[in-house]
Amino acid sequence: MKRHLLSAADLSRDDALLILDTAEELARLADRPIKKLPTLRGRTVVNLFYEDSTRTRTSFEAAAKRLSADVINFAAKGSSVSKGESLKDTALTLEAMGADAVVVRHHASGAPHRLANSGWIRGSVVNAGDGTHEHPTQALLDAFTMRRRLGSFDGRRVTIVGDILHSRVARSNVRLLHTLGAQVTLVAPPTLLPVGVATWPCAVSYDLDAELPKSDVVMMLRVQHERMNAAFFPSAREYSRRYGLDGLRFAAMPEHAIVMHPGPMNRGMEIAAEVADSPRSTIVEQVTNGVSVRMAVLYLLLSGSESAIGSTEETS
Amino acid sequence: MLEASDIRRVLTRIAHEIVERNKGAGDLVLLGIPTRGVPLALRLAERIGEVEGDAPPAGSLDVTMYRDDLALRPARGLGRTDIPGDIDDKVVVLVDDVLMSGRTIRSALDALKDIGRPRAVQLAVLVDRGHRELPIRADFVGKNLPTSLSETVAVRVEELDGLDVVMLGVKGEQT
């Protein structure tokens, strides 16, 4: 039985479109006086966060609360994890508390798979970012934002720029956007591209200026200082000059093209302030859309006798 | 059970009944319940417009998120909710194709409560087939079809199915 969302690769085209369509309906809730639905009343959603995160955790929390679920926030800092508790024992504790879903962010790639496939917990597992692996709900909200702005995916060109090597956002987006019919090009210095990128369903380029004029979407990734444990580029200034989206580069994009960023951004580093604040930047919109998309995911995973989306226990 | 011409006459009659009961169409808002209640609501609004001059606003109200049987069935997608303007202090007429257990209508009443506070809520259905499980009744009924639980009632509408018809079948058989 399907019941987890661990990777964007778990989603068929129909699954992904069902999530986007459901999110579209849920987004309309924002116009109502009462922005709450009774659907997940009595269910418990645990946010299990081993890494710092403001927007993803609060976004999941808002989504679960708008569906009337009870939310337990479990941050590794200040919990028994800092006393040395293993993932297994934490999971058994959450299971004993009756968690219907565990939204997990972990610094180790694959931790959500371990949680889902171990038999430690019976509930659904939603990957909210694991190491440098995947962040499927971010890709879904990015796709949702693109569809709202551009209408459709077929033949749209999406350019993802920056630290692909460490980016779970890029990985999930490549998979999901490929499933949805968009053409993805990754742009990064060679040192920030993962080994094996040639097998991904996307194109690769080292030259941002060549890609900009033909892009419908330009997604800038954050330079992740916390994961920069080697010299990936000579200096921040050089990176910014070659791969930063400044006003001049912005002007080279087509009129209809949009600029995205998963946040948090380094203004002046990968993206200039004037670009981030432009009406063609969807950065704030992405946050709003994140709540609708996560509501859709929780609703489709948890509301029925079986999930409408996602992966089974054994696969992926 | 009902042909296209029967459905047309029934809707015209219901439109007149709605206007008569409410002494005009002034405060009316018609909300169809997806899927097939929606085109019926739009048609009723149009008929009322022919009678009264001005067609009342019509929209749709999806009740999926408010159903009490959600956990019993696989998760599913949502229908569209499209509320035309404000429903506070209006008379909302819910429109659905078939009334049976009454559970859909209960969900609709819950959904309405989160959207506003109508002065009154009325219910119009094309077919009432009995077997109520809740204390709910329709104000306007196209046709009473006393059926057995082993039978099915299938409503088809022009807008979605290409033809207008109400058919009676036996459970498990394709109609």
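Residues numbered from 1 in each chain as written. Chains lettered and ligands numbered in written order. Predicted model: local features only at pLDDT ≥ 70, side-chain atom pairs only at ≥ 80, totals over all residues. Heavy atoms only, no water.

*Asks:* Give a detailed account of the sheet that holds strand β1 (residues 44–49) of chain A, specifying residues and quantitative values.
*Replies:* Strand pairing within a sheet occurs via backbone hydrogen bonds; the two strands may be parallel or antiparallel. Residue and element names in this part refer to chain A. Strand order in the open sheet formed by four strands is β2-β1-β3-β4, and the pairing between neighbours is parallel. A single partner strand is all that each edge strand has here, and the edge strands are β2 (70–75) and β4 (124–130). Here the strands of the sheet are splayed against their neighbours by 15 degrees on average, with no regard to which way each runs. Two strands pair when backbone bridges link them, and strand β3 (residues 101–106) and β4 are joined in this way by five bridges, in the parallel orientation. Across the sheet, the residue bridging to Val104 is Asn127, located in β4. Sheet strands in contact with helix α3 (residues 87–96) are β1, β2 and β3, and its direction is about 160 degrees off that of β1. (Pairing = 2+ DSSP bridges. Helix = DSSP H or I, 4+ residues; strand = E, 2+ residues; numbered from the N terminus. Axes fitted to C-alpha atoms, helices over the stretch in contact; angles between N-to-C directions. Contact = heavy atoms within 4.5 Å.)

*Asks:* Would you mind going over the domain arrangement of chain A in detail, with residue names and values included?
*Replies:* Residues and elements named next belong to chain A. What the domain assignment reports for chain A is domain 1 (8–135 + 287–302) and domain 2 (136–283). On a C-alpha basis, the centres of domain 1 and domain 2 stand 25 Å from each other. With 33 residues of domain 1 at the contact, the number on the domain 2 side is 29 residues. Regarding the contact of domain 1 and domain 2, the summed buried area is about 2,700 Å², with carbon and sulfur atoms giving 57% of it. By the criterion of area lost to domain 2, the three top residues of domain 1 are Leu20, Thr132 and His135, representing 24% of everything that side buries. Seen at the junction of domain 1 and domain 2, the total is five salt bridges. Put simply, Arg147 and Asp21 hold a salt bridge, and the shortest N to O gap is 3.0 Å. Connecting domain 1 to domain 2 are 15 residue pairs in polar contact (both at pLDDT 80 or more). For the side of domain 1 that touches domain 2, the secondary-structure elements that each account for two or more residues are α1 (13–27), α2 (55–66), β3, β4 and α11 (283–302). (Domains from an automatic or database assignment. Buried area = accessible area lost by both parts, 1.4 Å probe. Salt bridge = Lys/Arg side-chain N within 4 Å of Asp/Glu carboxyl O. Polar contact = N/O pair within 3.5 Å; in protein donor to acceptor, adjacent residues only side chain to side chain.)

*Asks:* Could you give an account of α2 of chain A, naming the residues involved and the relevant values?
*Replies:* Side chains three or four residues apart in an α-helix point the same way, a direct result of the helix having 3.6 residues per turn. Residue and element names in this part refer to chain A. In a regular helix each residue adds 1.5 Å, so 12 residues correspond to 16 Å; α2 covers 16 Å between its end C-alpha atoms and thus fits that length. Here the buried face of α2 lies against β1, β2, β3, β4, α5 (136–150) and α11. With its phi angle positive at about 70 degrees, Ser68 sits one or two positions after the end of α2. (Expected span 1.5 Å × (residues − 1).)

*Asks:* I'd like to hear about the environment of Val102 of chain A, residue by residue, with values.
*Replies:* Looking at the secondary structure, you find Val102 of chain A in strand β3. Those residues in contact with Val102 of chain A that lie beyond four places of it in its chain are Val46, Leu48, Leu94, Leu115, Ile121, Ser124, Val125 and Val126 of chain A.

*Asks:* Which residues make up the packing of α5 of chain A against α11 of chain A, and what are the values?
*Replies:* Residue and element names in this part refer to chain A. One way to put it is that α5 packs onto α11 with a least axis distance of 8 Å and a crossing angle of 115 degrees. Viewed along their axes, α5 and α11 form a crossing whose handedness is right-handed. Note on element contacts: α11 touches α5 through Glu285, Gln286, Asn289, Gly290, Val293, Arg294 and Val297, opposite Thr137, Gln138, Leu140, Leu141, Asp142, Phe144, Thr145, Arg148 and Arg149. (Left-handed = near helix turned anticlockwise from the far one by under 90°.)

*Asks:* Could you give an account of the pairing of strand β6 (residues 183–187) of chain A, naming the residues involved and the relevant values?
*Replies:* Residues and elements named next belong to chain A. Taken across its five residues, β6 has four buried, putting it largely inside the fold. Examined bridge by bridge, strand β5 (residues 157–161) and β6 share five bridges and lie parallel to one another. Bridge pairing in β6 places Ile160 opposite Leu186. Remark: the β5/helix α6 (residues 168–180)/β6 crossover connection has right-handed handedness. (Buried < 20%, exposed > 50% of the residue type's maximum accessible area, 1.4 Å probe, protein only. Right-handed = clockwise from strand over helix to strand, strands pointing away.)

*Asks:* Which residues make up the nonpolar core, and what values go with them?
*Replies:* The nonpolar side chains of soluble globular proteins are, as a tendency, buried together. Counting 111 residues, the largest nonpolar core has Leu140, Ile160, Ile164, Leu176 and Leu186 of chain A together with Leu61 and Leu94 of chain B as the members making the most contacts within it. With 11 residues, the single largest contributor to this core is α11 of chain A. Counting residues in hydrophobic clusters, the runner-up holds 28 residues, among them Ile18, Leu30, Ala45 and Val127 of chain B. (Core = buried A, V, L, I, M, F, W, Y, C linked by side-chain atoms within 4.5 Å.)

*Asks:* Tell me about the packing of aromatic side chains, residues and numbers included.
*Replies:* All names here are of chain A. The tally for this structure, following the rule as stated, stands at two aromatic pairs over all chains. With 5.8 Å between their ring centres and 35 degrees between their planes, Tyr239 and Tyr243 make a pair best called tilted. In this pair, Tyr239 and Tyr243 both sit in helix α8 (residues 236–243), four residues apart, roughly one turn of the helix. Classification of Tyr239 by relative accessible area gives buried; the value is 3%. The exposure class of Tyr243 is buried, given its relative accessible area of 4%. Chaining the aromatic ring pairs together yields one cluster made of Phe233, Tyr239 and Tyr243. A cation over a ring is seen here: Arg294 above Phe60, with NZ or CZ 4.9 Å from the ring centre. (Phe/Tyr/Trp six-rings, centres within 6.5 Å; stacked < 30°, edge-to-face > 60°. Lys NZ or Arg CZ within 6 Å of the ring centre and 35° of its normal.)

*Asks:* I'd like a rundown of the sheet that holds β6 of chain A, residues and numbers included.
*Replies:* Residues and elements named next belong to chain A. Ordered by their spatial adjacency, five strands build an open sheet running β7-β6-β5-β8-β9, and the pairing between neighbours is parallel. The sheet terminates laterally at β7 (203–205) and β9 (258–260), the two strands that pair on one side only. Mean inter-strand twist for the sheet, computed between neighbouring axes without regard to direction, equals 20 degrees. One ladder, built from three bridges, connects strand β8 (residues 217–220) with β9; its direction is parallel. Directly across from Met219, in β9, lies its bridge partner Met260. The sheet strands contacting α5 are β5, β8 and β9, and the helix crosses β9 at an angle near 165 degrees.

*Asks:* Give me the lowdown on the interface of chain A and chain B, citing residues and values where you can.
*Replies:* Facing the 22 residues of chain A at the interface are 19 residues of chain B. Buried surface at the junction of chain A and chain B, both sides included, amounts to about 1,700 Å², of which 55% is carbon and sulfur. Of all residues in chain A, Glu25, Arg32 and Tyr299 of chain A bury the most surface against chain B, accounting for 31% of the area lost on that side. Here chain A and chain B share two salt bridges between them. Where Arg28 of chain A meets Asp82 of chain B, a salt bridge forms, and the shortest distance between an N and an O atom there is 3.6 Å. At the surface where chain A touches chain B, the tally comes to eight residue pairs in polar contact (both at pLDDT 80 or more). Breaking the side of chain A that touches chain B down by element, the ones donating at least two residues are α1 and α11 of chain A. When residues of the side of chain A that touches chain B are assigned to their parent elements, the largest contribution, four residues, is made by α1 of chain A. Of the residues in the side of chain A that touches chain B, the class split is 10 nonpolar, six polar and six charged. (Nonpolar A, V, L, I, M, F, W, Y, C, P; charged D, E, K, R; others polar.)

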